[in-house]
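Residue-level listing of the chains:
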Amino acid sequence: MTERAHAAHAEGETGVWSGSWVAERLGVELAGDEALTALLGLALRRNPKRAHLLVSNVLGKHVPQSPSVVYGHGVALGRRVRELLGAEAAEGAVVLGYAETATGLGHSVADGLGSAPYLHSTRRAVAGVARAGGFEESHSHATSHLLLPQDPALLAGDGPLVLVDDEFSTGNTVLNTIRALHERYPRKRYVVVALVDMRSPADAGRLDAFAGEIGARVDLVTTASGTVRLPPGVLEKGQELVARYEAPPVDPATEPTTERPEATTERTTEATSEPASGPTGGSPGAASPGSVERVELRWPHDVPDGGRHGFTAADRDRLESALPGMAARIADALPARARRVLVLGFEELMYAPLRLAQALEQAVGGDVEVRYSTTTRSPVLAVDDPGYAIRTRLVFPAHDDPADGPGERYAYNVAGAGFDAVIAVVDSAADTPALHAPDGLAVRLAAHVPHVLLAVVPSYVPHASPAPQAPERPPMLPEPLRGPAFSSYAPDEVGWLLQDLSDVTLEAPTEEREEAIQSGGAHYAESLPVEYQPSEQYQELFHAALESSAARLARAVGAVTEVVLTERSPSPVLVSLARAGTPVGVMMRRWARFRHGLDLPHYAVSIVRGRGIDANALRWLADHHNPADVVFVDGWTGKGAITRELAAALRDFEASDGVTGFDPEIAVLADPGSCVRTYGTRDDFLIPSACLNSTVSGLISRTVLRADLVGPHDFHGAKFYRELAGADLSPAFLDAVSARFPDVTESVDAHVKELLSADRTPTWEGWAAVERISEEYGIHDVNLVKPGVGETTRVMLRRVPWKVLARAGAGADLDHVRLLAEQRGVPVEEVADLPYTCVGLIHPQYTRGATGADGKAVTL
């Protein structure tokens, strides 16, 4: 293929639909408006939810396109919104675009709408700028969006809010956004704008239903509509194709080509930094890497580089005045013989490069063909075939010090596209040494294009003096999450006062988390451990433990529930401390129904050591129930840290909100640390739910509290591991214990009589034992000493264990701990007179090269 033909294909000019390669192999079909195939091509990506990717030919992200075409589509949509709203309502509208793909499209819509201010979401946290909101994009590879307007009043008005995305696929992102914003800034009208509406029939009615739910009007404006028809098994087939084409190419000298029969005509095109010729090279005759030169834009002072912090009508006027001069400076810097030029934007920085490209297109007239696209975070497979949307990709490291850490970035359909020059436009925050490193974007571009110009737009920094805070309307907290949408528990078993972070990547290797936590660089609640997947041998231990302890568990469940009904409230509201308390709360609820016919409310809330209980969850509970009826529930006590945390948090809440009545006393199945009065037993025995993580807790993760994900009016977060459904033992665990209720009724009655007449005043002997162990073993940090079977199990599954102390003669209750210790190379030391069955010691002062207090290196 010639370079000119390659470039023409990238813009859909060859007559070959750029989705035919995927359609033929996977049976994917675009059904709907005739314009769909002109607007969209297809590609593949490595994604566990959706292998295919709709690639827009007019967005200017993955496919280089004429800037007038890209800008024209956005402006046209904006004009249609203005017609829909009417001139008066349009004057009060605010436009919100989505990062990163639709930042330029949203800004163009705002231009077409008229004088509407514009804001786009961002994945780049900015120091000193308060977060005005956020939401999640469920299908994206990087899902967390922040809203960082310089002026908080931008979102607080009651005029129409116009939300702009490149495609409307399921509606989840838009619904998440509207729900999050409507809780804080309710308004009567929303308009959703997208280039294409690709919702399935099942999703089509959700928008109207949602509008009725919140009592607002929600309109939809799109360029074209249709659906993607997917045959059975398409995800698996797509993943197999991606794996096959991402595999290293077969060496024909040593391997037959039958494994990849299409290898002679198609190939993945991962462009390297070496200059090349033919379909992956630069202009004909290019024999060496091109030059990289800077061009001075003279960007107007105090005009934002985009909508990250808001962009007003006054900003728009100043930019329009400056664009011709900046375009002239770029044109003067172009080589005299350049006939095909690409203006390449940078991730969220789409609008400024787009407008520069459009102005350049006008300045050079018909003498130079100008195209526009941007770099991206999205990993997409490249296949060199005329019927595939992504022909080549350049890979380079992130160069803007992203908040989520380093990673690969991509530029598609640039290598081999016949460009004589590329103008790379970045903001000053991204003009770093990494941009110019040997594997950086500038060098990668120069390897394939003879002339590279670098234009730097100053990153806009909001004014240091804080803008006056707009009065925020009373937030409306959402209703609890329930199964099966969130957790594998039945909907009536528990309501989760949490926000769903299922699509946010939060997991980190155990060793990295431990080092960050102990160094003070991160709090344990800011990330999640990788979910432990138990071996077959370990699962057998769980089932054996459940079989042997089900009656004992049932007896403890019955006892603690009866004590609660007798002493705390005849109609308690059970509030489990997620997640270990949740199975206990469900079982207590089942006992109350079994024994007394009571249908007790049950919720799960987050409490975080050092951060307290979720205050928004308390507010929700106080609004819906009598605080005096709330009984907090947990699985067991260790040294009593959570007991103290809850008491302190409730005192703070009473002082801040003036709400009284919440009782800090926790009800637990087992209280080996003698920290509470309400318990089923004080024996330290194996509660099988401690053996596993999410797969025995409704497939829910430990809770998460991180500033960029959890705002001041949000519930704490957690993940629902739907992908682990095949290994879920949550219902089986509950059913096994509940089945023993009839067998233990008499023994429960006798045990409760003993409990009610006994002196159950906490002695805190567990805390004293922990302090002693901390000093005797040279740890000097009680937070690294985890007493009891349950806490020791958590150490083995989630932290970096140093050693296990086991009470001499401890029996089957420690079989699973011994197995885990053997698998991780952790010594088990028998200790006489230990007040617990066992104690887990986290490796003290852990780094990945650390030694413990005994001078021995940790073994992992």
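Residues numbered from 1 in each chain as written. Predicted model: local features only at pLDDT ≥ 70, side-chain atom pairs only at ≥ 80, totals over all residues. Heavy atoms only, no water.

Chemist: What am I meant to see in the packing of helix α4 (residues 67–85) against helix α6 (residues 103–113) here?
Modeler: How two helices sit against one another is set out by the angle between their axes and by the gap between those axes. α6 packs onto α4 with a crossing angle of 50° between their chain directions and a minimal axis gap of 6 Å. Between α4 and α6, the angle is such that the two are oblique. Classified by chirality, the crossing of α6 by α4 is right-handed. Contacts between α4 and α6 involve Tyr71, Gly74, Val75, Leu77, Gly78, Arg79, Val81 and Arg82 on the former and, on the latter, Leu105, Ser108, Val109, Asp111, Gly112 and Leu113. Of the residues in the contact of α4 with α6, the class split is seven nonpolar, four polar and three charged. (Axes fitted to C-alpha atoms, helices over the stretch in contact; angles between N-to-C directions. Helix = DSSP H or I, 4+ residues; strand = E, 2+ residues; numbered from the N terminus. Parallel < 35°, antiparallel > 145°, perpendicular 65-115°, else oblique. Left-handed = near helix turned anticlockwise from the far one by under 90°. Contact = heavy atoms within 4.5 Å. Nonpolar A, V, L, I, M, F, W, Y, C, P; charged D, E, K, R; others polar.)

Chemist: Hey, could you run me through the pattern of salt bridges in this one?
Modeler: Proximity of charged atoms lets side chains of opposite charge pair with each other. Inspection of every chain in the model, using the stated rule, returns 38 salt bridges. Across the pair Arg217 and Asp219 runs a salt bridge, and its minimum N-O distance is 2.8 Å. The residue Asp743 makes a salt bridge to Arg740 at a minimum N-O spacing of 3.2 Å. Residue Arg740 is classed as partly exposed on the basis of its relative accessible area, which comes to 28%. (Salt bridge = Lys/Arg side-chain N within 4 Å of Asp/Glu carboxyl O. Buried < 20%, exposed > 50% of the residue type's maximum accessible area, 1.4 Å probe, protein only.)

Chemist: What should I look at first to understand the packing of aromatic side chains in this one?
Modeler: Ring pairs (aromatic) are described by centroid distance and by the angle formed between their planes. Summed over the entire model, instances satisfying the criterion amount to 13 aromatic pairs. A centroid spacing of 5.7 Å and a plane angle of 40° characterise the contact between Phe594 and Phe741, whose relative ring orientation is tilted. A residue pair is termed long-range when its members are at least 10 positions apart, and Phe594 in helix α17 (residues 581–596) and Phe741 in helix α21 (residues 741–757) qualify at 147 residues. Given the relative accessible area of 2%, Phe741 is considered buried. Ring geometry for Phe632 versus Phe662: centroids 6.3 Å apart, planes at 45°, classification tilted. (Phe/Tyr/Trp six-rings, centres within 6.5 Å; stacked < 30°, edge-to-face > 60°.)

Chemist: Even after reading the chapter, I still don't get the nonpolar core, so can you show me in this structure?
Modeler: Considering soluble globular proteins, one finds that nonpolar side chains tend to be buried as a cluster. One finds Leu44, Val162, Val193, Leu360, Tyr388, Ile423 and Leu445 to be the most contacted residues of the largest nonpolar core, which totals 137 residues. Top element by residues in this core is helix α12 (residues 351–364). It accounts for eight residues. When near neighbours in sequence (up to four residues on either side) are disregarded, Leu445 contacts Leu344, Leu394, Val414, Val422, Ala424 and Val452. Formed by 77 residues, the second largest nonpolar core is a distinct cluster that contains Tyr489, Val557, Ala580 and Val631. (Core = buried A, V, L, I, M, F, W, Y, C linked by side-chain atoms within 4.5 Å.)

Chemist: Would you mind going over helix α19 (residues 641–657) with me for this structure?
Modeler: One turn of the α-helix equals 3.6 residues, which is why residues spaced by three or four share an orientation. Relative to the 24 Å expected for 17 residues at 1.5 Å per residue, α19 spans 24 Å between its end C-alpha atoms, a close match to the ideal helical length. Turning to α19, its buried residues are Thr643, Glu645, Leu646, Ala647, Ala649, Leu650 and Phe653. Buried-residue contacts for α19 involve β24 (602–608), β25 (612–613), α18 (615–624), β26 (630–636) and β27 (666–670). The positive-phi residue at the C-terminal boundary of α19 is Gly658, with phi of around 70°. (Expected span 1.5 Å × (residues − 1).)

Chemist: Sorry if this is basic, but what is going on with the sheet that holds strand β14 (residues 369–375) here?
Modeler: Strand order across the open sheet formed by five strands is β12-β18-β17-β13-β14, with parallel pairing between neighbours. Lying at the two open borders of the sheet, with one neighbouring strand each, are β12 (291–294) and β14. Taken over all neighbouring pairs, the strand axes of this sheet differ in orientation by 25° on average, direction set aside. (Pairing = 2+ DSSP bridges.)

Chemist: What am I meant to see in the sheet that holds strand β10 (residues 217–229) here?
Modeler: Spatial strand order, β1-β10-β9-β8-β4-β5: six strands in an open sheet with mixed pairing. Single-partner strands in this sheet number two, and they are β1 (29–32) and β5 (118–120). Mean inter-strand twist for the sheet, computed between neighbouring axes without regard to direction, equals 25°. Bridge analysis of strand β4 (residues 94–97) against β5 gives three bridges, and the strand direction is parallel. Counterpart to Val95 in the pairing with β5 is Tyr118. Its contacts with the sheet place α4 against β8 (161–168), β9 (189–197) and β10, and it is angled at close to 135° to β10.

Chemist: Can you help me understand the pairing of β4 in this one?
Modeler: Every regular strand shows the same layout, with side chains that alternate between the two sheet faces. Alternating positions in β4 separate into two faces, Val94 and Leu96 on one and Val95 and Gly97 on the other, with burial throughout. Once you follow β4 into α6 and on to β5, the crossover reads as right-handed. (Right-handed = clockwise from strand over helix to strand, strands pointing away.)

Chemist: Is there a simple way to think about the pairing of strand β2 (residues 40–44) in this case?
Modeler: Burial analysis of β2 places five of its five residues in the buried class, the great majority of the element. Here β2 shows no split at all, with Leu40, Leu42 and Leu44 on one side and Gly41 and Ala43 on the other all buried. Across five bridges, the pairing between β2 and strand β3 (residues 52–56) is antiparallel. Residue pairing in the sheet places Ala43 in a bridge with Leu53 of β3.

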